[in-house]
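So the chains spell out like this:
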Amino acid sequence: MTTPTPPAMPTVPTVPTVPAATGQCCTFWVDGLFFGVAVDEVQEVLRHQPMTPVPSARPEVAGLINLRGQIVTAIDLRVRLGRPPRPADRLPMNVIVRSRGEIVSVLVDDIGDVIDVSGLRLQPVPPTVPAVVRDVVHGVRSLPDAILLVLDADRALDVTTNPTGGNR
């Protein structure tokens, strides 16, 4: 005699957890979008650095920077997200992050503050956010005067796939 199989439980969409033990985010802007990344993923923040172009690299690879003797790939988050080009008179800032065991520079428009997000629930990304942005964030946190897009650095810096999830 076999035991009847219980009915399948309906699945409830969940929001992934963010690897942020400290509850703090380093914030920055890209084309008016307000992002944050867990401070324990950030090594440092730097002003614009001279870059060496990489021939035949994908468009989002802005070049290589020399970070105290370590060669670091710089990924332009504007290009990665399909946003309009940065005005020529505005130099990008560098958020140096650790992603998949490597050090990578994320080029952003402006740097914000380190903010405490402990106690702020991670929520699903609203459908009004472009799909290309939704694909590279863990979720959003509602702040009193803004919506913080919590960046998934691993997905955002993976230039082997389209930001919408498919391979190029």
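Above this text is the structure in question.
Computed from a predicted model, the values in this text were never measured in an experiment.

**Student:** Residue-level account of the packing of aromatic side chains, with values.
**Tutor:** Evaluated as defined, the whole model comprises two aromatic pairs. Ring plane angle 15 degrees and centroid distance 5.7 Å describe the contact between Phe28 and Phe35, whose orientation is recorded as stacked. With respect to burial, Phe28 and Phe35 carry one shared label: buried. Arranged with centres 4.7 Å apart and planes meeting at 35 degrees, the rings of Trp29 and Phe34 form a pair that is tilted.

**Student:** Could you give me a rundown of the environment of Gly119, with the residues and numbers involved?
**Tutor:** The topology assignment puts Gly119 in the loop between strand E8 (110–116) and helix H2 (131–134). Gly119 sits in the exposed class, given a relative accessible area of 81%. On a C-alpha basis, the gap between Gly119 and Gly23 in space is 8.2 Å, while along the polypeptide they are 96 residues apart.

**Student:** Lay out unusual backbone geometry with the relevant residues and their values.
**Tutor:** Although it is not a glycine, Asp31 adopts a positive phi angle of roughly 50 degrees. Looking at the element boundaries, Asp31 is found in the loop between strand E1 (24–30) and strand E2 (33–38). The class for Asp31 is partly exposed, based on a relative accessible area of 23%. You will see that Ser56, though not glycine, has its phi angle at about 65 degrees, which is positive.

**Student:** With reference to specific residues and values, describe the nonpolar core.
**Tutor:** Formed by 30 residues in total, the largest nonpolar core has its most connected members in Phe28, Phe35, Leu77, Val133, Leu149 and Leu151. Of all the secondary structure elements, the ones that give two or more residues to this core are E1, E2, strand E6 (93–99), strand E7 (102–108), H2, strand E9 (137–142), strand E10 (147–151) and helix H3 (153–156). The contacts of Phe35, once residues within four sequence positions are left out, are Cys26, Thr27, Phe28, Val30, Leu81, Val133, Val137, Leu148, Leu149 and Leu151. Counting residues in each nonpolar core, the second largest holds eight residues, with Ile115, Val117, Leu148 and Val150 among its members.

**Student:** I'd like to hear about the side chain of Arg78, residue by residue, with values.
**Tutor:** Note on placement: Arg78 falls in helix H1 (residues 77–80). At 2.5 Å, the side chain of Arg78 and the backbone oxygen of Pro84 are in polar contact. Once residues lying within four places of it in the same chain are set aside, the contact partners of Arg78 are Val30, Asp31, Arg83, Pro84, Pro85, Arg86, Pro87, Leu107 and Asp109.

**Student:** Which residues make up the sheet that holds E2, and what values do they have?
**Tutor:** Read from one edge to the other, the open sheet built from five strands follows the order E8-E1-E2-E10-E9, with strand pairing classed as mixed. Since the sheet does not close on itself, it has two edges, and those belong to E8 and E9, each with one partner. In this sheet, neighbouring strand axes are inclined to one another by 30 degrees on average, regardless of whether the strands run parallel or antiparallel. Of the pairings in the sheet, the one linking E9 to E10 comprises five bridges and is antiparallel in character. Its bridge partner lying in E10, Val137 is registered against Leu151.

About the thresholds
- Residues numbered from 1 in each chain as written.
- Predicted model: local features only at pLDDT ≥ 70, side-chain atom pairs only at ≥ 80, totals over all residues.
- Heavy atoms only, no water.
- Phe/Tyr/Trp six-rings, centres within 6.5 Å; stacked < 30°, edge-to-face > 60°.
- Buried < 20%, exposed > 50% of the residue type's maximum accessible area, 1.4 Å probe, protein only.
- Helix = DSSP H or I, 4+ residues; strand = E, 2+ residues; numbered from the N terminus.
- Core = buried A, V, L, I, M, F, W, Y, C linked by side-chain atoms within 4.5 Å.
- Contact = heavy atoms within 4.5 Å.
- Polar contact = N/O pair within 3.5 Å; in protein donor to acceptor, adjacent residues only side chain to side chain.
- Pairing = 2+ DSSP bridges.
- Axes fitted to C-alpha atoms, helices over the stretch in contact; angles between N-to-C directions.

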